[in-house]
Amino acid sequence: MTAESVPKGGTRGSRIAAGPRLAIPARILAVGAYRPGRGVANAELSRTLDTSDAWIVKRTGIRRRCAASPGETVVTMGAAAAEKALAAAGRSVDAVDCVVAATMSYTGQSPSAAVQIARELGAKRVGAFDVSAACAGFNYALDVARSLIAGGSARHVLVVASERMSDLIDPGDRTTAVIFSDGAGAALVGAYGEPGIGPMTWGSDGSLAGVAGQDLTWAHFRDTPGCRGPYFRMRGPELYRWAISEMPAVALRAVDAAGLDLADLAAFVPHQANLRMIEAIADRLGLPGHVVVARDVEDQGNTSAASIPLAISRLKEECAVASGAPALLLGFGAGVAYGAQVIRLP
Ligand code: UT7
């Protein structure tokens, strides 16, 4: 940078942030949820698919999932969840500096879902962008929000995880159609007097890309007459085995990074992929009996990135956990990509 190009107010070698404010702590101030009106029970699916209520409940714990109507889009559901988070925090949209959307099912692609959500909210002059980390999307977007606040770029960030998985799921594929669901969860993250979002432990392994993900590209669909899809496909048992063997150590590292022990936790909120899997991970972690384990999946199914904030919202609605209590969040899925952090509950 030449002397001439130094921004106004700056000089070569001058500070770019007030020293003590360089790492401003952040916390989730409130969460909001949007669950589409139409619930789909297992019995309804068994009328069109070779499946049964007994199989789905035994293998996944899911009894019901949600199906978005045409008007319930990634954008409208995300904005509705964000409005609830703002209302719960007692903040107006004018307080928001940036909207970060976590989604893998936004078929619009550009402009980003976040920009559209900001417009729907009436948020003016806010930063807005999407994060793509599949079912770990909320964890990643939350850490981005924490970092934006820590670095002084924002005071309030709306993290909006919104998924319309029904756009990506082959209705004839019983290995995914019984599991995935639509919905949105949002968190208003704000600067706070003490840290409420711990450091993230994360990772990815692209060699497992074929285990879960979109089977075709949009370009293939465009160029191939009669092509159906693209659809999200999953080799469930492989993903199951990988997650229960690898994720407990990732979760433990996040607890350690937060300077806590498992006994300090009040809640465990993993990605709501499958209740059997959630229980297996909780068991391998050796969670003490007092830790509440989120089971939103039973009534909501697997909403990918939206599943963690939806599960936190339910814990709040049920008064199952106290505000300020530490909760371990763990996201994992397609990619594979994963991440975990400990938060203080809103
Ligand atoms: O959100 C991203 C992260 N997602 C995950 O991590 C998901 C991880 N995986 C899972 O949750 C489980 O693997 C599933 C729920 C997807 C499947 O459960 P599973 O116990 O691993 O079943 P399976 O795939 O091994 O299938 C057992 C049997 C098979 O039949 P055979 O070969 O034993 O005759 C399947 O064909 O069940 C059959 N099957 C079904 N039967 C009735 C598979 N899907 C269904 C179904 N209804 N929906």
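Everything below is about the structure shown above.
Here the residue numbering is sequential within each chain, running from 1 through the sequence in written order. Predicted model: local features are reported for residues with pLDDT of at least 70 only, side-chain atom pairs are reported and counted for 80 or more only, and whole-chain, interface and lining totals are derived from all residues. The basis for every side-chain value is the complete set of non-hydrogen atoms in the structure, without hydrogens or water.

Colleague: Any chance you could explain the sheet that holds strand β4 (residues 98–102) here in plain terms?
Modeller: Two strands make a pair as long as DSSP finds a minimum of two bridges between them. Numbering of helices and strands starts at the N terminus; helices are DSSP runs of H or I of at least 4 residues and strands are runs of E of at least 2. Pairing is mixed across the open sheet formed by 5 strands, whose spatial order is β1-β7-β6-β4-β5. Each edge of the sheet is formed by a strand with only one pairing partner; in this case those strands are β1 (26–34) and β5 (127–131). This sheet shows a mean twist of 20° between the axes of neighbouring strands, independent of strand direction. Pairing analysis gives 9 bridges linking strand β6 (residues 156–164) to strand β7 (residues 182–191), with the strands arranged antiparallel. Bridging from a neighbouring strand, Val157 pairs with Val189 of β7. Working convention: axes come from line fits to C-alpha atoms, limited for helices to the stretch in contact. Angles between N-to-C directions cover 0 to 180 degrees.

Colleague: Help me out: how do you make sense of the environment of Ser313 in this one?
Modeller: Note on placement: Ser313 falls in helix α11 (residues 307–317). Assessed through its relative accessible area of 4%, Ser313 is described here as buried. With 282 residues separating them in the primary sequence, Ser313 and Val31 have C-alpha atoms 6.2 Å apart. The contact definition used throughout considers only heavy atoms, calling two residues in contact when any of these lie within 4.5 Å. Here Ser313 is in contact with Val31, Gly32 and Ala33, once residues within four sequence places are set aside. A 1.4 Å probe rolled over the protein chains alone gives each residue an accessible area, and that area as a share of the maximum for its type sets the label: buried under 20%, exposed over 50%, partly exposed in between.

Colleague: Hey, could you run me through the pattern of salt bridges in this one?
Modeller: By definition here, a salt bridge exists when the distance from a side-chain nitrogen of Lys or Arg to a carboxyl oxygen of Asp or Glu is within 4 Å. This model, assessed by the stated rule, comprises 15 salt bridges. In this structure, the salt-bridge partner of Asp143 is Arg146, at a minimum N-O distance of 2.9 Å. In this pair, Asp143 and Arg146 are both assigned in helix α5 (residues 137–150), 3 residues apart and thus about one turn of the helix distant. Among the residues examined, Asp143 registers a relative accessible area of 11% and is labelled buried. Between Arg314 and Asp296 there is a salt bridge, and its shortest N-O distance comes to 2.2 Å. Separated by 18 residues along the polypeptide, Arg314 in helix α11 and Asp296 in the loop between β12 (292–293) and α10 (297–300) bring together distant segments of the chain.

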